[in-house]
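Per-entry structural report
So the chains spell out like this:
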Amino acid sequence: MATIQSNKQHEVLEAVIIRFVGDSGDGMQLTGTQFSDTSAMFGNDIATFPNYPAEIRAPQGSLYGVSGFQVHIGSVEISTPGDEVDLLVAMNPAGLKTNLHAVKPGHTIIVDTDAFTKKNLEKAQYDSNPLEDGSLENYRVIEVTMTSLTKEALRDVEGLDNKSITRSKNMFALGMVYWMYDRSTEHTIEFFKKKFKTKPPLIEANTKVLNTGYYFAETLELIPNSYTISPAKMEAGTYRIIMGNTATAWGFLAAAEKSGLELFLGSYPITPASDILHELVKHKHFGVKALQAEDEIAGITSAIGASFAGDLAITTTSGPGLALKGEALGLAMIIEMPLVVVNVQRGGPSTGLPTKTEQSDLLQSLYGRNGESPVIVIAASTPANCFDFAYEAAKLTLEHMTPVILLSDGYIANGSAPWKIKSVSDMPDIKNNIITEPDENWHPYDRDENTLARKWPIPGTLGLEHRVGGLEKDRVSGNVSYVAENHEYMTKIRAEKIKRVQNYIPDIETEFCDSGDLLVIGWGGTYGSLYSAVKQINEQGYTNTGLAHFNYINPLPKNTEAVLKRFKKILVCELNTGQFAKVLKMNFNGFEFLQFNKIQGLPFGNSELIEKFKQLVK
Amino acid sequence: METTTEKKYTFKDFASDQEVRWCPGCDDYVILRAMQKALPEMGVKKEDVVFISGIGCSSRFPYYMNTYGMHSIHGRAPAIATGVKLANPDLSVWVITGDGDSMAIGGNHFIHVLRRNVNLNVILFNNEIYGLTKGQFSPTSLVGQKTKSSPYGNTQQPFSPGELAIGAQARFFARIGGNTPKEMTQIFIDCEKFKGTSLIEVLQNCPIFNDGCFDEFTDKKVREDKQLHVEHGKPMIFGKERDKGLVLNGLKLEVVTIGENGIEQEDLLVHNAKEEDPTMHQMLVRLRYPLVTGIIRSFDDVTLEERKDVQTKEVKANSKFRKTDDLFFAGDIYKVD
């Protein structure tokens, strides 16, 4: 270890937001993940969000090919990846240009000056070099010849091609950031040892570049300060960093184990839901049966078949895929069988913005089917609680014998955060309605008197042979029935069955205050943004602002109206034009639902929320 | 699959209490009865039998069977059946579909279930017309056929289900006339025994919208002369007098007469349904004179379930994870006190 005397000054910070940007292919996702994992293990609370282009490899240096990874770490509670950046690491001019707007004035930008060539500047549509024309004078710019320093550092390492050498420059940047934020490189070096087990030169090269970056920052007088962010006060327990999609997949694994059923996934790849498929197919050791189907419709219909045969069946998709699954979802609904449909929402309509987030599939989930076809709709709100809501979706579908749509979105699905690991033994019990003993008086559409769920007779059971199908069913026998009154009865009882789920879900609880001037309402993936903004406005003295965040959308919690009554003003914040506000208006008369909507494929920014809240409570 | 059963069923055991509601004279009745007669011969337990259908006249079939069944949505039965079979490989799963259901809206699922070789059976009721929607042309309707949606004659080229199926790597393909219940019953029994996806095309008359569509091959008066009912290992011989047969002339099949031009029965092609190479099967499927019926292809191969089962066992044996907790607490975890 080099021991270079430095005159660095430590400054203690509560939280910091760092964004790494470069070409897709520059390894920005890996760099960001390493930094966030290291910080989490150090004890910080974290939230991360990757932001990458829809193109796999956009032309190098282009504005639309920029890939970014943002991490928010703190010694305080962190609920969002944040919007204003304290440190921007830009590996090229395009990255700088597309992200500069997010950097707080006076804060730091690290650039790889080697990438600021005439060609790259042109590609980024710069008329002049921003490093020379004074346009960055409001920022503290740290210029480093990162590519050449990386090459220099690796001159003596044998067995490396040019590509591997240049590709490791992201580790130089990471090394610098590790020094600046007083982090150890140890975790990342361990990571290299595992990742490149069969390629020792790469372990050596990456380690060397990482350390070189670290020592370079230490020696560089341009970086006078380093920062300390102390561990956060977090609930005691065992943690891991988890992405929303992984958490969703794991929630289903846990539910399958708890319910004693085998898990079946029928799915067709679609961004940003594919990672749930990728995760579940790994777990054949738990008996997971997965079918990558020929299309979205086969994804859901194979799951319906598996459910008919007694598996805990799920299908995963994103907006356009849910549109295709609509007819089959109606079938699952009328035959009253368990099925979870996960919709990781993205910007729509049609192909829309595949890699950007939005909450605009709510009405599709509630009403996007022919006929009267209510299903349970619930939404996860953070990367970590994707686990709980996947589990809850499985529990509800099995106990109530109706399809459940679980809404997630690109923001929480790709974002990651610490998850206090839950053992399966900590999870609530899951019952199911499978019957194994034939009863003389048994009928396929007999219902449980409380939940109105029907029984679940499974092929292979003698004496329970029966037929189901999409035609209207007789209320008892399940045989095809065109009797007018029967159809009305069945339509109503299927709706009533969903309504009764209210008795099995928790009441909505407001956070920060029970009653007051302003109730901020949100649902699903905006929780972190809304929580942090409402928290801050309360800290600023607007102490009568409450937050009601909904995870249960159909049915709504029983006490919703009572909660609404306790506030003078109600503001519904959504990443769409007001779909949940519409639902509330339909359900609750006599309230004025103000709206704050953003339709940019981006999460809510902290300052825009606070500004809006202040307008209403001033 | 376990196929032993202590109870001896009769066809009545498989008839449900629902009134059958097809048009009088429809071949669907023949298929239903053939199935009810075949099932007791298969040695499968009644509670293990599942019929999955799509939409169309044929797809009402499950309601009439006293087994497990699902009348599902248009064209998707093969995908639903795949899910049933993967969830419980011990079940005897049957897909009931028509030419509208599986050749048009369900074309995608039809080819993929064959490609994957799931161990289930598909009965394709082909009547070259849309019956339930009252008489539009289907993907198997002939060019020039006048229907409600082609008053001047159909301009779309038809699919031949067998060609399509073999192109999609079907390992089992049989064709049978809708008016030959005995042979049909036997084929149902044979395809249940076959391990892999079996496809049976039934040439089914629609007395209302396409009456007599297969008469030129299936009418009692002509069928012996117009149909060649192949059997594995037997010469390809046909005709009322059993004097016609097939030989290979270059790359084409040719009809010859025994006793003419020095042709003897030994010169005829011998049917090999178990050949992996589908070239000859494809040629047989394409032939219009004689129309080839019977089990044209029956090539044993690994099924999707078997392949998945082997992989799952391998992964289980090599995995350190037994319970989900093992996974949750593995890797980069850290403690907060």
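For clarity, every value in this text was computed on a predicted model and none was experimentally measured.

1. Topic: the overall build of chain B
Along its length, chain B carries eleven helices and twelve strands. Computed over its C-alpha atoms, the radius of gyration of chain B comes to 22 Å, within 12% of the 20 Å expected for a compact globule of 337 residues. Principal-axis analysis of the C-alpha atoms places the extent of chain B at approximately 95 × 45 × 45 Å. Counting every position in chain B, which comprises 337 residues, the buried fraction comes to 55%. Excluding contacts between residues fewer than 6 apart, the proportion of contacts in chain B whose partners are at least 24 apart in sequence is 66%. Put simply, chain B shows about 15,000 Å² of open surface, and 50% of that area lies on carbon and sulfur atoms.

2. Thoughts on the interface of chain A and chain B
Each partner contributes to the interface: chain A provides 70 residues, whereas chain B provides 56 residues. When the area that chain A buries against chain B is broken down by residue, the three leading residues are K284, E294 and R467 of chain A, summing to 14%. At the boundary of chain A with chain B, the tally comes to three salt bridges. R116 of chain B serves as the salt-bridge partner of E294 of chain A, at 2.7 Å between the closest nitrogen and oxygen. Remark: the boundary between chain A and chain B carries 25 residue pairs in polar contact (both at pLDDT 80 or more). Here the side of chain A that touches chain B gets eight residues from one element, more than from any other, and that element is helix α11 (residues 296-308) of chain A. In terms of residue class, the side of chain A that touches chain B is built from 38 nonpolar, 17 polar and 15 charged.

3. A word on the domain arrangement of chain A
Residue and element names in this part refer to chain A. When the domains of chain A are assigned, the result is domain 1 (10-229), domain 2 (240-426), domain 3 (436-486) and domain 4 (510-616). Look at where the C-alpha atoms of domain 1 and domain 2 centre, and you get two points 34 Å apart. Between domain 1 and domain 2, the residue contacts involve 14 residues of the former and ten residues of the latter. Between domain 1 and domain 2 lies a buried interface of about 980 Å² when both sides are counted; carbon and sulfur atoms form 58% of it. On the surface where domain 1 and domain 2 come into contact, there are zero salt bridges. The tally of links between domain 1 and domain 2 comes to two residue pairs in polar contact (both at pLDDT 80 or more). Those elements that provide at least two residues to the side of domain 1 that touches domain 2 are α1 (28-42) and β3 (45-51). With seven residues, β3 is the largest single contributor of residues to the side of domain 1 that touches domain 2.

4. A closer look at the domain arrangement of chain B
Residue and element names in this part refer to chain B. Per the domain assignment, the segments making up chain B are domain 1 (11-234 + 271-306) and domain 2 (235-270). The C-alpha centroid of domain 2 is placed 29 Å from the C-alpha centroid of domain 1. Every contact between the two is made by 16 residues of domain 1 and, on the other side, 15 residues of domain 2. When domain 1 packs against domain 2, close to 1,300 Å² is buried across both sides, 71% of that on carbon and sulfur atoms. Applying the counting rule to domain 1 against domain 2 returns zero salt bridges. For the pair domain 1 and domain 2, the number of links is four residue pairs in polar contact (both at pLDDT 80 or more). Elements that contribute at least two residues to the side of domain 1 that touches domain 2 include exactly α8 (223-226), β7 (227-230) and α9 (279-286). When grouped by side-chain class, the residues that make up the side of domain 1 that touches domain 2 number eight nonpolar, four polar and four charged.

5. Overview of the pattern of salt bridges
Counted under the stated rule, the structure contains 31 salt bridges over all chains. The salt bridge partner of D311 of chain A is K289 of chain A, with a shortest N-O separation of 2.8 Å. Within this pair, whereas D311 of chain A is found in the loop between α11 and β12 (312-317), its partner K289 of chain A is found in strand β11 (residues 289-292), the two being separated by 22 residues in sequence. Looking at D311 of chain A, the relative accessible area reads 4%, which means it is buried. A salt bridge links E306 of chain B to K195 of chain B, with the nearest nitrogen and oxygen atoms 3.1 Å apart. In this pair, E306 of chain B sits in helix α10 (residues 304-318) while K195 of chain B sits in the loop between α6 (181-193) and β6 (198-203), placing the two residues 111 residues apart along the sequence. Look at E306 of chain B and you get partly exposed, because its relative accessible area is 30%. Among the charged side chains, a salt-bridge network with shared partners connects E262, K289 and D311 of chain A.

Procedures and definitions
- Residues numbered from 1 in each chain as written.
- Chains lettered and ligands numbered in written order.
- Predicted model: local features only at pLDDT ≥ 70, side-chain atom pairs only at ≥ 80, totals over all residues.
- Heavy atoms only, no water.
- Helix = DSSP H or I, 4+ residues; strand = E, 2+ residues; numbered from the N terminus.
- Rg over C-alpha atoms; globule rule 2.2 N^0.38 Å.
- Buried < 20%, exposed > 50% of the residue type's maximum accessible area, 1.4 Å probe, protein only.
- Contact = heavy atoms within 4.5 Å.
- Areas by Shrake-Rupley, 256 points an atom, 1.4 Å probe, with all protein chains shown as cover.
- Buried area = accessible area lost by both parts, 1.4 Å probe.
- Salt bridge = Lys/Arg side-chain N within 4 Å of Asp/Glu carboxyl O.
- Polar contact = N/O pair within 3.5 Å; in protein donor to acceptor, adjacent residues only side chain to side chain.
- Nonpolar A, V, L, I, M, F, W, Y, C, P; charged D, E, K, R; others polar.
- Domains from an automatic or database assignment.

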